[in-house]
Amino acid sequence: MFSGIQEILVLVIIVLGILFLPRILNRGQEKRPAVPMPANVISGKMRLVIAASVLWPAVMAAFMKPWEKELFHYLYIGVGPVALIWILYWVLTGFRK
C-alpha cells in the first residue's frame, strides 16, 4: 500500500525538481541582455558600387540634359551601363549560390 504512494511522491518530486530547480540555481546569476545580430553588413566594395550606381546616371544627366533632347541616348549611356552591371552581378551571384 505504501509503495504506490511512495512512487507517486517520487514522481511528483522529480517533476517539481525539473520545473523549479533551474529557477533556483539561476537566481544569483545576472541575465545578459540579448544583443541583436546585425541584419546585413554591406562591405566597402558594395557601398562603392551602390554610390557609383547613383552618381553615374546623375552626372550623365547633368552633362547630357535628357529632359531637353536625346532621352534614348541618355538611357543607353547613363542608365544602361548601371543596369547591365547590376544584371550581371545578379546572374553571377545566382550561379555561385
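For clarity, every value in this text was computed on a predicted model and none was experimentally measured.

**Observations concerning the overall build of the chain**
Item 1. In terms of helices and strands, the chain carries three helices and zero strands.
Item 2. Mapped in sequence order, the helices and strands of the chain form the string α-α-α.
Item 3. Across the 97 residues in the chain, those meeting the buried criterion constitute 9%.
Item 4. On the chain, roughly 9,400 Å² of surface is accessible, and the fraction owed to carbon and sulfur atoms is 73%.

**Notes on the environment of Ala83**
Item 1. Within the element layout of this structure, Ala83 appears in helix H3 (residues 71–96).
Item 2. You can call Ala83 partly exposed: its relative accessible area is 36%.
Item 3. Along the chain, Ala83 and Ser53 lie 30 residues apart, while their C-alpha atoms are 8.6 Å from each other.

**Overview of the packing of aromatic side chains**
Item 1. Counted according to the given criterion, the structure contains one aromatic pair.
Item 2. An angle of 90 degrees between the planes, with centres 5.6 Å apart, marks the rings of Trp86 and Tyr89 as edge-to-face. With Trp86 and Tyr89 both in helix H3 and three residues apart, the pair spans about one turn of that helix.
Item 3. By relative accessible area, which is 40% here, Tyr89 ends up partly exposed.

**A look at unusual backbone geometry**
Item 1. At Lys65, a position not held by glycine, the phi torsion is positive, near 50 degrees.
Item 2. With respect to the secondary-structure elements, Lys65 resides in the loop between helix H2 (44–64) and H3.
Item 3. A residue is classified by how much of its surface remains accessible, and Lys65, at 37% relative accessible area, is partly exposed.
Item 4. Within the chain, Glu70 stands out as a residue other than glycine whose phi angle is a positive 50 degrees.

Cut-offs used in this document
- Residues numbered from 1 in each chain as written.
- Predicted model: local features only at pLDDT ≥ 70, side-chain atom pairs only at ≥ 80, totals over all residues.
- Heavy atoms only, no water.
- Helix = DSSP H or I, 4+ residues; strand = E, 2+ residues; numbered from the N terminus.
- Buried < 20%, exposed > 50% of the residue type's maximum accessible area, 1.4 Å probe, protein only.
- Areas by Shrake-Rupley, 256 points an atom, 1.4 Å probe, with all protein chains shown as cover.
- Phe/Tyr/Trp six-rings, centres within 6.5 Å; stacked < 30°, edge-to-face > 60°.

Remember, this is a structural readout, not a statement about activity or role.
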